[in-house]
Amino acid sequence: MGLGVRGARTAFLCLWRLFLLLCGVWTARSQTSVDEKSMYFWETGPWGRCMGNECGPGGSQSRAVWCAHVEGWTTLHTNCPQSTRPANQQSCFRVCDWHKDLYDWQLGVWNQCVPISLRTGTGHARLCSQGEEGIQTREVTCALKADGSLADDAICEYFEPKPRQEQACLIPCPQDCVVTEFTPWTTCSKTCGLGLQNRVRSVLAPPLFGGLSCPNLTEFQTCAPRACEGRETVFNLRVGGWSECKLPPQPAPLPTTSSSMAPPRAVRQARRRKGKARKANRDPEMRELIKNKRNRNRLNRPDVDLWNIEAGYQFRQVVCVHRNGSTVSLGQCPHWSLPETYQSCLMSKDCAVSEWGSWSPCSKTCADPSAQKGTRSRSRQLVQLPVGAGAECPQLEEHQACEHEGTVVPPCAIYAWRTSEWSECRVDALLSQQDRRRGNQTGLCSGGMQTREVYCIQANAELLNYINNNKEKQDGQSVNGQMPSAPPLLSISFEISASQPVDSRLCTGSSPSTTQLCHIPCPVECELSPWGAWGPCTFENCDERAIKKGFKFRRRKVTNNPTGGEGSCPHLVEAIPCEDPSCFSWQLVKLEDCVPENDMECGGGTQNPEVRCVDSEGKEVEKEMCGDVVSPAPVPCTVPCPKDCALSLWTQWSTCSQTCSSKTAEGKQMRTRAILAYNAGEGGFGCPNSSSLQEVRNCNEHPCVVYHWQVGPWGQCVEDTSSSTLNTSSNAGKNTCALGMQTRKVICVKVNVGQVPPKKCPEAPRPESVRPCLLPCKKDCIVTPYSDWTQCPTSCEEGVNGQKTKQSRYRVVIQMPANGGQECPDVLKEERDCGTPSVCPGYRWKTHKWRKCQLVPWSIRRDAKGAQENCGAGVQTRAISCRQLDGTLVDVVQCLRSAGSMPAVSQSCQLPCRDDCQLTNWSKFSPCTSDCVGVRTRRRALVGKSKKKDKCKNSQMYPLSETQYCPCDKYNAQPVGNWSDCILPEGRVESASGMKVQGDVKECGQGYRYQAMVCYDQDNRLVETSRCNSHGYIEEACIVPCPSDCKLSEWSNWSRCSKSCGSGVKVRSKWLREKPYNGGRPCPKLDHLNQVQSVYEVVPCVSDCSQYIWVAEPWSVWKVSNVDLKENCGEGVQTRRVRCMLNTADGPTDAVEDYLCDPEEMPLGTRESRLPCPEDCVLSDWSSWTPCDLPCTGRGDRERTAFAIRLPKEGEDCPVSMQTEPCLLNRNCFHYSYNITDWSTCQLSANAVCGVGLKTRMLDCVRSDGKSVDLKFCEELGLEKKWQMNASCTVECPINCKLSDWSPWSDCSQTCGLDGKMWRRRSVLQASQGDGRPCPSQMKQWRPCPVQPCYRWQYGPWSECRVEEVVCGVGLRFRNMSCFVSDGSGEGKSSIVEEDLCSGLEQAVDGDKDIVLEETCTLPCPGDCYLMEWSDWSLCQSVCVKGQLLDFPAVQVRSRAVIAQEPENIAQCPDQEWQTRPCSDGECFEYRWMSGSQLIWCERSDGLNVTGGCPPTRPPGSDQSCDPFCDKPQSFCSEEGLCVCEEGYTEVLTTEGLIEQCAPIPVLEIPTAGDKKADVKTSRAINPTFPTTVQPGRVGRTWYLQPFGPDGKLKTWVYGVAAGVFVLLVFIVSMIYLACKKPKKPQRRQNNNRLKPLTLAYDGDADM
């Protein structure tokens, strides 16, 4: 069995290999049959950078070209066909940086938006709900800027990426035409017989974006009220429209002879005048009257050249028509009289103008590319004014921008800002209210403010004057035939002088600031060191010792740099006269050890002094200098023997008790010593008494007579004629600054006495009384020249209150005088009255007398009614001229420009016929005796033969009088609107240059507020307020509260430094006295941390550690406790007094409290020890401990020693005279370091408000245990001082907000009405800084305007169409234009008033100057089918998606529907019409289906029921039971009455369980009916009234993968799934079989070869 399986497997493998071999052979044969070279092709790389030597098209670029195999690897070039090898080089355009100015991207217009579905080919029919996404493209090309020629895109891409060529867009859904609902049915067109009823609707929105067109706007239905009893009227007269006006035909000219030829008109007039002159002799007055009449007649004749008015005629047709619209003969309409068929008219003539004239010179006559261009104009003349319905005149004048042309163009005037010099620096401008109330404001310093004036000048005025003068010279020499040489422009030099100010509006840009902060140096007071000790008695001058007069000196130094130098300080040297002066002296350094005499070990001896030679200032000099001075002698001393009394060394001499000696007080010094051991009683020297233990000596024996030099202040610097000038000006007449001289008084003063003779004071330290100085240069006042006079008003009206207007000019002081310079002039502004202009500008139309009424020529109307009488309707004309206000005749063009619309030159007229009634015009109404009482009348009368005609006497048809009640002029005034702001009276003055004067302004106090008054008449119509005897306002006083600054107390005194040694702080404070209000200066930052209303200043301070020292008195006598009367020795106690004293240069002086001294350093006041017995060794006090070696490591020691004062007896030794102890850190060994304090607050001078101050910090020496010690400990270690102790600082100046003046009141915001306001504004010239007063919030104010009635012209309603004497045809309709008044609010109604009140208004209605009071209309004949009048314009509607506006224009629409009267004429009806027009502020409307009471309709979002516009989804049907309706796209009402989505969409529900939208299913899901995932349900909507387990028609799962197609057959994927399931089942069965099969028993021979576990050991071989 095994062999059989193995053989079958081998056979199968052999067959498989044979099959693969055959396939490979076949493939090889097929490949070799193909052309081998088709397996290779050329590949190219990208083009490289364009290279070349020059910019432009001369460059070249290259690329790589290689041969590649189809499998992607590169091969030899010979394998590819050489004939198709691409080029590897090409010419190119080398781009350089300057090409950026020549080439640019040229952007085309965006094309129409194309749906994405059309571009991708995935379009499918679906309902549009929101709009469709699209793409629109445009062309983007690189072009040459000069001519637009195209260039390679690489040129433009070199500088800027190529702009996008596509962008997304939105195509709105098609919008169907939307119409209103039908109107109710009209009445029947006939009262009997068969007629029609109509109902119409109008268009609300036109069809857009391919929507459905508009439906029929009219519906007809037949009606038959009743049967006609008699014969119907079937014929009617129809009147046609008037034809165009045309001239009557001219009669043929008759042959003329010389005798029969009519003379010209001028000849006829001359003959007529001659004949009249012969008839009568006229006096001069009569001749003048005739002349004036002729002039008037000449003016009454229109200018033939401009008007050329010709009278013509019009005609119209009158026909008889049948009800069916056919025309029949007039005989069929016998019972009507025919209307007029002819009428007079004016021949229409269009306005004619001449050709354009030449351009005027450019208004800009200079060269400046940066300046605005000039303008030039040209005009054309009127040739013919429009007559009748002729076209209006075009523009007669046009302007265009220009630049001056010419070979030599002067530069334009350049305007620039200039400033005067800064004024003196003033600190008082920064003071608060509290500071201003202080009495003394002198000596203020530091931060201040200074101002200057800013004005505008013409910067290059001198250059332009030079050019103009040179041009005039050149023109003059050209006339003389001489050509000038070129002007030396490069050598022009101008003298620096003040330029003339010009109007500030000519200067552009921001003007320089008018204020700035400044600094006044604060005087630095002189700070002095303490007095030094008195020196020895010395000569005044050691070089001149002839005068045996000596002085003792003491000195002090200036420790700072005071203002004015050391000369402003008090005296620094004081002197005391003394005897025996010496320039050099011996100074004792120390006394050597006591050496007993005769080489004895004890007993009396001497101490040799160690001295050095010093001068009068204490400096060591050579010992030879002290040769004349007696050297100190050796001092006797005693070395006690063992049995002698042992005494201590003398202490140092105490401080002298007096600084000088007088009769009542002498200076004393004292020193002491103590008994250290008593003598042995016998054989030894005894101890001295107590008086010998103390020594007293005199000190400061000089008398209390102290002299010093006292100086006065330096005088003014006066010119020193003996010295030469420092510098002189090269220009003559200029001031020079010379070297001057200052003097001061120097006197000798005796302290506590006063001035004494100078001989009493030493001459050497005498200060100088004369010093050189620099004379300040004189500064003259410099003013600008006067500006030009301001322009006078061009109108002829007088000024305010009848005063004459004035013009002014000004000049500016740009430098104030100083140091005796020339003073400024008193007058800086001049005014003068303006003259009245000789000719007042302005033009007006003047109308002349109407000419004769012209009728249609008799030859044309001879068959018409009234032709024989020469009567009827005609037309008449009149002349119109243009006049100046003074009556001067000017060109008509002037009035066309500025005098408003031209009056009518023609009007209709009527020549009465014989049978007509002729009446005079109405008279004026009779006056009323009083208002509201009685009546007033007006009258007219019959004229001529009309008085005798009976019909004319009919008072009802021709009333001769009219009566009306007298007007009741009662007026009522009442306030309207709100109160205005509180307005302060004007109180600030502007400077002449237009800049604001900086100064105190009244910004608070009493003002006034205003409320407008309105006046109504008895009919509640708005009238002028003057009718109510009101000036238009109610005025009421008001208060603008004044600002109050924060008020603080004065600074308290500085506290004492918090530490007596080292660094501490000292404090001072201010307390809040009054808070700011009404915008006053705010308070400085208060201590809100501790809720304390005060301001603190804390500065660091350092107390000198040697300022207070412990002073110990000598030890008292030993008090032995165990008294040995024999030996007088043993244990005992010594005491002494220790006090804390103030240390000065002269030593400790006054005792102070002990807490001021360091308690750790307090010497011991008691000590216990043993009093040595006789013959015992006596040691001195211990010396100070030696310093420890630094750093303190704990390994070193310190020691102290004592020496033997009395040696012991023989055989005994002295105790140890040296002690040592280890140096331990912070116990007896310390490290020292500097500690720097924080910076203090910025400290100002006492008289300073702000500005530059000084901040300080202190250096402190701190021991390693944290204790502050004297600085000498750190200084002795040589520690580095790397800190700056003082630094300048700045305290921000409290600058108050500065405002400009109020601007003039603006024009009223409305020309009429109740809500008009006038505004004025101010701006911030300088914002507040620091603690300055902030800017107020009110930067603009308003007040009401006087109420003016709003008059306007308004049309009345159109009358009905009137056709004369017939039933139908072309007629006229009329309307009136009346004057209406309103309050301008748009809410109140308008009332009609007298037309005189609108006489000042231009005749225009809603801005339309084309007044139309009559127009032709058509009255349809019975049976006609006609178009209705236009409907009203619909609401403005925009194109929107989801309420968002799209970029499409909004439109309005109106329509005309058709009305039919006869059923048989419906086919002849015209087409319905609709029009659209663009509009602004369109609204977004939405349309939705509505239903109720079994009715379904479409409703617009504003509640209007419409047809069209609702979504094109299936509208809710009457058989639907879904509530609410399923109106969402892709939704429908199921049979179960539920709103569900179509297949492929899922429901997105609201929180109420209603469908919000149907969303496409993104993934394959099989949701259950009870799935509850958020608000998005993939299950169908479930009626909440049913339980979830019982759903009608839908149980269990809902499958979205439907196995059956629309045709009912299985889909392909079902077969695939079935096959997969079959394979899966076979696999499962096979696995089960193998798992259940019993395994075979193994062979017996294999039992000995048991399987061993396989151990894998990785040896690092990569193949494993």
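Since we're looking at a predicted model, the values are computed, not measured.

Regarding the sheet that holds strand β75 (residues 1232-1236)
Then, in step 1: Ordered by their spatial adjacency, three strands build an open sheet running β75-β77-β78, and the pairing between neighbours is antiparallel. In this open sheet, the two edge strands, each paired with only one partner strand, are β75 and β78 (1268-1269).
Then, in step 2: Relative to β78, strand β77 (residues 1259-1263) runs antiparallel, the two being bridged by two bridges. Considered in β78, the bridge of V1262 is made with S1268.

Considerations on a nonpolar patch on the surface
Then, in step 1: Taken together, the side chains of W1613, V1617, V1621, L1624, L1625, F1627, I1628, M1631, I1632, Y1633 and L1634 present a nonpolar region at the surface, about 1100 Å² in accessible area.
Then, in step 2: Along the chain, Y1633 falls in helix α11 (residues 1612-1636).
Then, in step 3: Residue Y1633 is classed as exposed on the basis of its relative accessible area of 53%.

A few points about the packing of aromatic side chains
Then, in step 1: With the rule as written, the count across this model stands at nine aromatic pairs.
Then, in step 2: Aromatic side chains Y1234 and W1283 sit 6.4 Å apart centroid to centroid with 75° between the ring planes, which places their arrangement in the edge-to-face category. With Y1234 in strand β75 and W1283 in the loop between α10 (1271-1276) and β79 (1286-1291), this residue pair connects regions lying 49 residues apart in the sequence.
Then, in step 3: Overall, the relative accessible area of 11% leaves Y1234 in the buried class.
Then, in step 4: A relative accessible area of 29% places W1283 in the partly exposed class.
Then, in step 5: The aromatic ring of F1230 is capped on one face by R1263, whose charged end is 3.9 Å from the ring centroid.
Then, in step 6: Cation over ring: R1343 sits above Y1010, and NZ or CZ is 4.3 Å from the ring centre.

A look at the state of the cysteines
Then, in step 1: Overall, the coordinates contain 56 disulfides when judged by the stated rule.
Then, in step 2: The disulfide bridge from C917 ends at C952, spanning 1.7 Å between sulfur atoms. Of note, the bridge from C917 to C952 carries an S-S torsion of about -95° and is left-handed in sense. With C917 in the loop between β55 (906-911) and β56 (935-939) and C952 in the loop between β56 and β57 (961-965), this pair connects stretches of sequence that are 35 residues apart. The exposure classification of C917 matches that of C952, with both residues buried.

Description of unusual backbone geometry
Then, in step 1: Cis geometry marks the peptide bond from L1190 to P1191, where omega comes out at 0°.
Then, in step 2: Turning to its location among the elements, P1191 is positioned in the loop between β71 (1178-1179) and β72 (1197-1201).
Then, in step 3: In this structure, N598 takes a positive phi of about 55° despite not being glycine.
Then, in step 4: On the accessibility criterion, N598 (70% relative accessible area) is exposed.
Then, in step 5: Phi at E1175 is positive, roughly 70°, even though this residue is not glycine.
Then, in step 6: Counting through the fold element by element, E1175 comes out in the loop between β70 (1166-1171) and β71.

About the criteria used
- Residues numbered from 1 in each chain as written.
- Predicted model: local features only at pLDDT ≥ 70, side-chain atom pairs only at ≥ 80, totals over all residues.
- Heavy atoms only, no water.
- Pairing = 2+ DSSP bridges.
- Helix = DSSP H or I, 4+ residues; strand = E, 2+ residues; numbered from the N terminus.
- Patch = residues over 30% accessible without salt bridge, like charges linked within 9 Å, V, L, I, M, F, W, Y side chains within 5 Å.
- Areas by Shrake-Rupley, 256 points an atom, 1.4 Å probe, with all protein chains shown as cover.
- Salt bridge = Lys/Arg side-chain N within 4 Å of Asp/Glu carboxyl O.
- Buried < 20%, exposed > 50% of the residue type's maximum accessible area, 1.4 Å probe, protein only.
- Phe/Tyr/Trp six-rings, centres within 6.5 Å; stacked < 30°, edge-to-face > 60°.
- Lys NZ or Arg CZ within 6 Å of the ring centre and 35° of its normal.
- Disulfide = S-S within 2.5 Å.

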